[in-house]
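Residue-level listing of the chains:
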Amino acid sequence: MSPANIIRAIAYPVTAPAVLVPLIVFWLLVSFASWGGVLGLFLMFLILPAIFRFQMIVLEARARGAEPATPDHEFFNWFGHAWTLFPVVVSLAVTWAVVATLGRFGMAWAIVVVMLASALLPASFSVLAITRSPLQSLNPVAIFRLLERTGSTLWIATAFLIVSYFLSYLAEDLP
């Protein structure tokens, strides 16, 4: 994969209006929810399914080479298209694993868990977007088969996740 294609893939959310506008709206909604206290928790509870569902719709559209669907009121529904909400479960499990490892074994082991999760989550979510099967997305054989077929291109997502985690970790110390 050429460097121009890598930059184009990373810049895709900014260059595609069908993705950029919903990202801005979701960012605003999450910002309002973070300022909202107890009512913000209720708003966050409504927003999270839409964010994960939109993530999976964009991923599925990119895998099929099509434009992603524009979010509507059905994106905020907790029922229907359960496969698009499965990343919530996986993300909560990974977050729990990182926090539990941090509390029990320290920061060094928590970083190992983050690196391992960053290596496997993009492939797992890609398998989910292609097959629409939550069980298949947890199948190690399917994950490693996808990693084998995609070669070095899926590792770009892993590097992006690790860098974004590192920057969010440093964000507390940045002015």
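So, how was this worked out
Residues numbered from 1 in each chain as written. Predicted model: local features only at pLDDT ≥ 70, side-chain atom pairs only at ≥ 80, totals over all residues. Heavy atoms only, no water. Helix = DSSP H or I, 4+ residues; strand = E, 2+ residues; numbered from the N terminus. Buried < 20%, exposed > 50% of the residue type's maximum accessible area, 1.4 Å probe, protein only. Contact = heavy atoms within 4.5 Å. Lys, Arg positive; Asp, Glu negative; His and termini not counted. Charge placed at Lys NZ, Arg CZ, Asp CG, Glu CD. Patch = residues over 30% accessible without salt bridge, like charges linked within 9 Å, V, L, I, M, F, W, Y side chains within 5 Å. Areas by Shrake-Rupley, 256 points an atom, 1.4 Å probe, with all protein chains shown as cover. Salt bridge = Lys/Arg side-chain N within 4 Å of Asp/Glu carboxyl O. Axes fitted to C-alpha atoms, helices over the stretch in contact; angles between N-to-C directions. Parallel < 35°, antiparallel > 145°, perpendicular 65-115°, else oblique. Nonpolar A, V, L, I, M, F, W, Y, C, P; charged D, E, K, R; others polar. 1 Å grid on protein atoms, 1.4 Å probe; cavity = no way out; pocket = protein on both sides within 12 Å on 5 of 7 lines; lining within 4 Å. Points joined across faces, edges and corners; volume = space filled by probe spheres on them. pLDDT = per-residue confidence, 0-100.

J.: Explain the overall build of the protein chain residue by residue, including any values.
T.: Of regular secondary structure, the protein chain possesses nine helices and zero strands. Overall, the protein chain shows an N-to-C arrangement of helices and strands of α-α-α-α-α-α-α-α-α. Dimensions of the protein chain, computed from the C-alpha atoms along their principal axes, are close to 45 × 45 × 35 Å. Counting every position in the protein chain, which comprises 175 residues, the buried fraction comes to 30%. Within the protein chain, residue pairs in contact and separated by at least 24 positions form 60% of the contacts whose partners lie at least 6 positions apart. When the 8 positive and 7 negative side-chain charges of the protein chain are each reduced to one mean point, those points stand 10 Å apart.

J.: Break down a nonpolar patch on the surface for me, with residues and values.
T.: The grouping of Val14, Leu20, Val21, Ile24, Val25, Trp27, Leu28, Phe32 and Trp35 at the surface amounts to a nonpolar patch, some 940 Å² of accessible area in total. In terms of residue count, helix H3 (residues 17-35) provides more of the nonpolar patch than any other element does, eight residues in total. We classify Leu20 as partly exposed; its relative accessible area is 31%.

J.: Got a sec to walk through the packing of helix H5 (residues 86-105) against helix H6 (residues 107-131)? Specific residues and values, please.
T.: A pair of packed helices is characterised by two quantities: the angle between their axes and the separation of those axes. Following both chains from N to C, one finds H5 and H6 inclined at 170 degrees, their axes separated by 8 Å at the closest point. Here H5 is positioned roughly antiparallel relative to H6, judged by the angle of their axes. On H6, the residues that touch Phe86, Pro87, Val90, Ser91, Val94, Ala97, Val98, Thr101, Leu102 and Phe105 of H5 are Met107, Trp109, Ala110, Val113, Val114, Ala117, Leu121, Phe125 and Leu128. A class-by-class count of the residues in the contact of H5 with H6 yields 17 nonpolar, two polar and no charged.

J.: Which residues make up the layout of surface pockets, and what are the values?
T.: Here the largest pocket defines a volume of roughly 1,900 Å³. Along the walls of the largest pocket sit 41 residues, with Gln55, Pro122, Ala157, Phe160 and Leu161 positioned nearest its centre. Of the residues belonging to the lining of the largest pocket, the class tally is 31 nonpolar, nine polar and one charged.

J.: Pulling in residues and values, what's your account of the pattern of salt bridges?
T.: By the definition in use, this model includes two salt bridges. The partner of Glu60 in a salt bridge is Arg64, and the shortest N-O contact between them spans 3.5 Å. With Glu60 and Arg64 both in helix H4 (residues 37-64), this residue pair falls four residues apart, about one helical turn. The closest approach of N and O atoms between Arg132 and Glu60, which form a salt bridge, is 2.6 Å. Here Glu60 lies in helix H4 and Arg132 lies in the loop between H6 and helix H7 (134-137), a separation of 72 residues in the sequence. For Glu60, a relative accessible area of 8% corresponds to the buried category. When salt bridges with common partners are traced through the structure, they connect Glu60, Arg64 and Arg132 into a single cluster.

J.: I'd like to hear about the confidence of the model for the protein chain, residue by residue, with values.
T.: For the protein chain, per-residue confidence averages 83 on the pLDDT scale, and 97% of positions sit at 70 or higher. Ranking the helices and strands of the protein chain by mean pLDDT puts H5 first, with 90, and helix H9 (residues 155-170) last, with 74.

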